[in-house]
Amino acid sequence: MHKDFLLVGQGICGTFLSWYLQQAGYSCIVIDHPQSNTASKVAAGIINPVTGRRIVKTWLIDTVMPFAHEAYAALSAALNITALEEKSIVDFFATPQMKIAFEKRYGEDTQYLSLPADIYHWHSLFQYDFGYGEINPCYLIRLQDILPAYRTRLQQQALLREELFEVAHLQVAPDGIRYKDITASRIIFCDGIASAQNPYFKNLPFAPNKGEAVWVEINDLPTTHIFKKGFNLVPWKDNIFWLGSTYLWEFDNDLPTPGFRQFAHNWLLQTVKLPFTIIDHKAAVRPATLERRPFVGFHPQHPAVGIFNGMGTKGCSLAPYFAHQWVQSLQGKVALLPEADVKRFQKVLAR
């Protein structure tokens, strides 16, 4: 079997890259081993235009956010699902300092930010002492619907192999690759944190961090907003909400920990005034990078080997944009953004 591209991984990166490659007329096949605790499957799927204690706009957000809206609308139509929901974040201030920081930022720039007319609006449902601000719009990406629906599409097209990729079977030449019975002009690794162990890309400055989340049943809590007070409480399905997440830079494994579950339980007791039941608990390792910029492009020494990875917590916003840009660069229409192009690590990758 010969294809233009062999993609390894069908998270949000592999999904959008294969989507745009096919739209551009390239043939591809995807290898993906089913796992329940990948970063894409455990993530809440929030596109939040501001970040950090200083409430600053995230990198490229004014470009990637409108692009994401169009990209997920197209995916919704193709898969017959709702891939994106527009929400606002109710950001409860946990401390007086956070209230001051939000109000200061609002005074400088009101884009994406607003202050409520009634600071007690949510007091019947939540415990909070210092008021709140709102972040709007934010997008909630329905990864739990997108990934299985797109997987089914690949299966129906006979473009998916559900197996563990074994790098020992990969043969690389300057003009193509062979993997078992598959030949392709190029292979691209979209396999999340696994790329940190890949012999071609292990020298890249990955900064993996572990996140945990619980799923909570809460009846009578509105699903119109995302609620934030340190953690995010995110509508998931019906009366189920996603609550998370942590950022652990030192960890022994990718398994859920009893400590987080207890911490989440205590947060709910202290924050939500409605009865709740924790029904699930998962963890995953995010493929973050030291400089918080993605890895996109082909290996400078091995032009048939590429990587599309390192999105960290911004995969839902960055993956569609850079997948599209990369495919356009393959067609000679645009150049990859230098801040994302993996060739910026040419010296590191030559080792």
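Residues numbered from 1 in each chain as written. Predicted model: local features only at pLDDT ≥ 70, side-chain atom pairs only at ≥ 80, totals over all residues. Heavy atoms only, no water.

Asker: So what's going on with the pairing of strand E13 (residues 209-217)? Which residues, and what values?
Answerer: Burial of E13 is extensive: 8 of the 9 residues sit out of reach of the surface. With 9 bridges connecting them, E13 and strand E17 (residues 277-286) associate as antiparallel partners. The residue bridging Lys210 from the neighbouring strand is Val285, located in E17. The pairing of E13 with strand E16 (residues 240-244) spans 5 bridges and is classified as antiparallel. Among the inter-strand pairings, Ala213 is bridged to a residue of E16, identified as Gly244. (Buried < 20%, exposed > 50% of the residue type's maximum accessible area, 1.4 Å probe, protein only. Helix = DSSP H or I, 4+ residues; strand = E, 2+ residues; numbered from the N terminus. Pairing = 2+ DSSP bridges.)

Asker: Which residues make up the pattern of salt bridges, and what values go with them?
Answerer: Per the stated rule, a full pass over the model turns up 13 salt bridges. Linking Arg151 and Asp32 is a salt bridge whose minimum nitrogen-to-oxygen distance equals 2.9 Å. Linking Arg151 in helix H5 (residues 143-156) with Asp32 in the loop between strand E2 (28-31) and helix H2 (39-42), this pair joins segments that are 119 residues apart in sequence. Taking relative accessible area as the criterion, Asp32 reaches 13% and is therefore assigned buried. Salt-bridge contacts for Arg344 lead to Glu291; the nearest nitrogen and oxygen are separated by 2.4 Å. (Salt bridge = Lys/Arg side-chain N within 4 Å of Asp/Glu carboxyl O.)

Asker: Account for empty space enclosed by the protein, with residues named and values stated.
Answerer: Applying the stated criterion across every chain, the model contains 1 cavity of 30 Å³ or more. In this structure, the largest cavity occupies an estimated 30 Å³ of space. Together, Val50, Ile55, Lys57, Arg105, Asp109, Gln111 and Leu113 line the largest cavity. The residue makeup of the lining of the largest cavity, split by class, is 3 nonpolar, 1 polar and 3 charged. (1 Å grid on protein atoms, 1.4 Å probe; cavity = no way out; pocket = protein on both sides within 12 Å on 5 of 7 lines; lining within 4 Å. Points joined across faces, edges and corners; volume = space filled by probe spheres on them. Nonpolar A, V, L, I, M, F, W, Y, C, P; charged D, E, K, R; others polar.)

Asker: Go over the environment of Ala168 with me, naming the residues and quoting the values.
Answerer: Its location among the elements puts Ala168 in the loop between strand E9 (160-161) and strand E10 (170-173). Looking at Ala168, the relative accessible area reads 77%, which means it is exposed. With 12 residues separating them along the chain, Ala168 and Lys180 place their C-alpha atoms 9.9 Å apart.

Asker: Requested: an account of the side chain of Ser40, with residues and values cited.
Answerer: Along the chain, Ser40 falls in helix H2. Residue classification places Ser40 among the buried residues on the basis of a relative accessible area of 14%. Among the polar contacts made by the side chain of Ser40, one reaches the main-chain amide nitrogen of Ile12 at a distance of 3.1 Å. Setting aside residues no more than four positions away along its own chain, Ser40 makes contact with Gly11, Ile12, Leu143 and Leu147. (Polar contact = N/O pair within 3.5 Å; in protein donor to acceptor, adjacent residues only side chain to side chain. Contact = heavy atoms within 4.5 Å.)

Asker: How would you explain the layout of surface pockets if you had to name every residue and give the values?
Answerer: Rolled over the atoms, a probe as big as a water molecule pinpoints where empty space is left. Reported here for the second largest pocket is a volume of approximately 160 Å³. Contributing to the lining of the second largest pocket are Gln10, Lys41, Leu143, Gln144, Leu147, Pro148, Arg151 and Trp236. The element contributing the most residues to the lining of the second largest pocket is H5, with 5 residues. Of the residues that constitute the lining of the second largest pocket, the class distribution is 4 nonpolar, 2 polar and 2 charged.

Asker: I'd like a rundown of the state of the cysteines, residues and numbers included.
Answerer: According to the stated counting rule, one finds 0 disulfides in the structure shown. This cysteine, Cys13, is not joined by any disulfide, and Cys190 carries the nearest cysteine sulfur, 6.4 Å off. Look at Cys13 and you get buried, because its relative accessible area is 9%. (Disulfide = S-S within 2.5 Å.)

Asker: Hey, could you go over the packing of aromatic side chains for me, with residue numbers and the actual values?
Answerer: The final tally for this structure, using the stated rule, is 26 aromatic pairs. Look at Phe5 and Tyr26: their rings are 5.4 Å apart centre to centre, the planes differ by 90°, and that puts the pair in the edge-to-face class. On the criterion of sequence distance, the pair formed by Phe5 in strand E1 (residues 2-8) and Tyr26 in the loop between helix H1 (12-23) and E2 is long-range, its members being 21 residues apart. A relative accessible area of 4% places Phe5 in the buried class. Tyr26 sits in the partly exposed class, given a relative accessible area of 23%. (Phe/Tyr/Trp six-rings, centres within 6.5 Å; stacked < 30°, edge-to-face > 60°.)

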